[in-house]
Amino acid sequence: MTKTLIIVHGFDGASSTNPNAICLHKILNHASVLKAVEVITTTSEERRKEKVEGIFTHYIPINRGNDGRLDFRQWRREVEHYVAEEISFNKFTHLLTISFPFDIQMLGLALKKKHPSLRWFIYELDPYAYNRVLRWRRSLFPYRLIREMLTFSHSDKIFLTHELYKQYSQTVMSRYDERYVEIGIPALKISPSKVKVQSDNDYIDLIYAGSFYKKIRQPGFMFKVFKCLVDRGVKVRLHIYGSTDSVVPEECAEMLGSCLFVYGRVAPSVVSQVIAEHNVLVSVGNSVENQLPSKVLEYIGTGKPIIHFYSITNDPAKRYLADYPNCIIVQENHERIDKTADDIHGFLKTNANVILSASKLEEMYADHTIEAVVARIELELKESFHCGGH
């Protein structure tokens, strides 16, 4: 009998707010072969184990270090001890570790070395060595690269997003090509919902779901464009879910004043409901080529109007949005704010009440749906399970 141990940060069933844990939740809901599983995850509370939606889950507390950051290294050591003392580890035939953080992959490496017969699958959603956020200390790049190559060399299969597959296949990491499986991200659910018909006198509520980051996803240009619209008397309001007031730059918040609403982190079910109930969705692209904001895929599944801002030529979201007929893609250019505002205003006039049909979305994005992504994962797992796990 096959049994799989999964290790991921921030898993709590449908209440998960960590993007990678949300991906796992969707996989578990759709993968028929992943029934005999247990999950080890983080929690800010006491250690406990319980069933979450039928999945036996081990919660191991994670503390903050003196710098206020989550101490994943200490958590990794505690999990190693927990596995050795509290879990009959020999009952597991397979191990699935999901980044971020990279300490989870290092934990997988330690378990693989102790149990060589274990089939170890890595699901790499966030790069490590090639993570631009970490590159402020360039001297550490060789160290990170060696660590990532070490984990890859001991793994049996490596599931990658389309973006990471492209990058890893073109770098020194290509030596592990035979282990790579181009999976994608399980985020696109085709579920168009009726739009609320907007009259010329109604406010158009724009929904941004996600976080902002100083190094890879800055909202400054977006705020300047929307301020231009508000100053012209265009009736728009921006609602932000996923970023707190402290994350939204103060100068940006001041631009929109009473037309800006920031709700902070909320449950995924709340975000999904908000997206379903409002017409126009806003996306801000990353300034790196190897990481796609997963909300882009969720947005596409609704068939609703999308306003996408991007800052780099090879913006990964453009691959998915280029043929999406209900969006406007605007490049960051601070010398063209007025022109960009004109374009978006025109788009809102013509598309605010437009929604694409499910059949159209299935025709265009069948290969990117949650079901398609999970099917690729299942194919690999079934092959491994059929071989008896060894």
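Above: the structure in question.
Reading the values: the criteria
- Residues numbered from 1 in each chain as written.
- Predicted model: local features only at pLDDT ≥ 70, side-chain atom pairs only at ≥ 80, totals over all residues.
- Heavy atoms only, no water.
- Buried < 20%, exposed > 50% of the residue type's maximum accessible area, 1.4 Å probe, protein only.
- Helix = DSSP H or I, 4+ residues; strand = E, 2+ residues; numbered from the N terminus.
- Pairing = 2+ DSSP bridges.
- Right-handed = clockwise from strand over helix to strand, strands pointing away.
- Lys, Arg positive; Asp, Glu negative; His and termini not counted.
- Salt bridge = Lys/Arg side-chain N within 4 Å of Asp/Glu carboxyl O.
- Contact = heavy atoms within 4.5 Å.
- Polar contact = N/O pair within 3.5 Å; in protein donor to acceptor, adjacent residues only side chain to side chain.

**Q** Could you clarify how one ought to interpret the pairing of strand β6 (residues 119-124) in this entry?
**A** Two faces belong to every sheet, and in a regular strand the side chains alternate between them. Of all six residues that make up β6, five are buried, and the element is covered over most of its length. Inspection of the sheet shows strand β5 (residues 94-98) paired to β6 by five bridges, in the parallel sense. When the bridges of β6 are listed, Leu96 appears paired with Phe121. Of the crossover connections in this fold, the one passing from β5 over helix α3 (residues 103-114) to the parallel β6 is right-handed. Pairing between β6 and strand β7 (residues 157-160): four bridges, direction parallel. When the bridges of β7 are listed, Phe121 appears paired with Lys157.

**Q** It is not clear to me how the side chain of Asp315 should be interpreted in this structure. Could you clarify?
**A** Within the element layout of this structure, Asp315 appears in the loop between β13 (306-310) and α10 (317-321). Among buried charged residues, Asp315 stands out as having no salt bridge; its nearest opposite-charge side chain is Lys318, 6.1 Å away. Once residues within four sequence positions are removed from consideration, Asp315 is found in contact with Gly285, Asn286, His308 and Tyr310.

**Q** What should I look at first to understand the side chain of Thr302 in this one?
**A** Along the chain, Thr302 turns up in helix α9 (residues 295-302). By relative accessible area, Thr302 is classed as buried at 7%. From its side chain, Thr302 meets the backbone oxygen of Tyr299 in a polar contact 2.6 Å long. Side-chain polar atoms of Thr302 contact the backbone nitrogen of Lys304, separated by 3.1 Å. Excluding residues that lie within four positions of it along the chain, Thr302 makes contacts with Ser191, Pro192, Ser193, Ile275, Leu281, Ile355 and Leu361.

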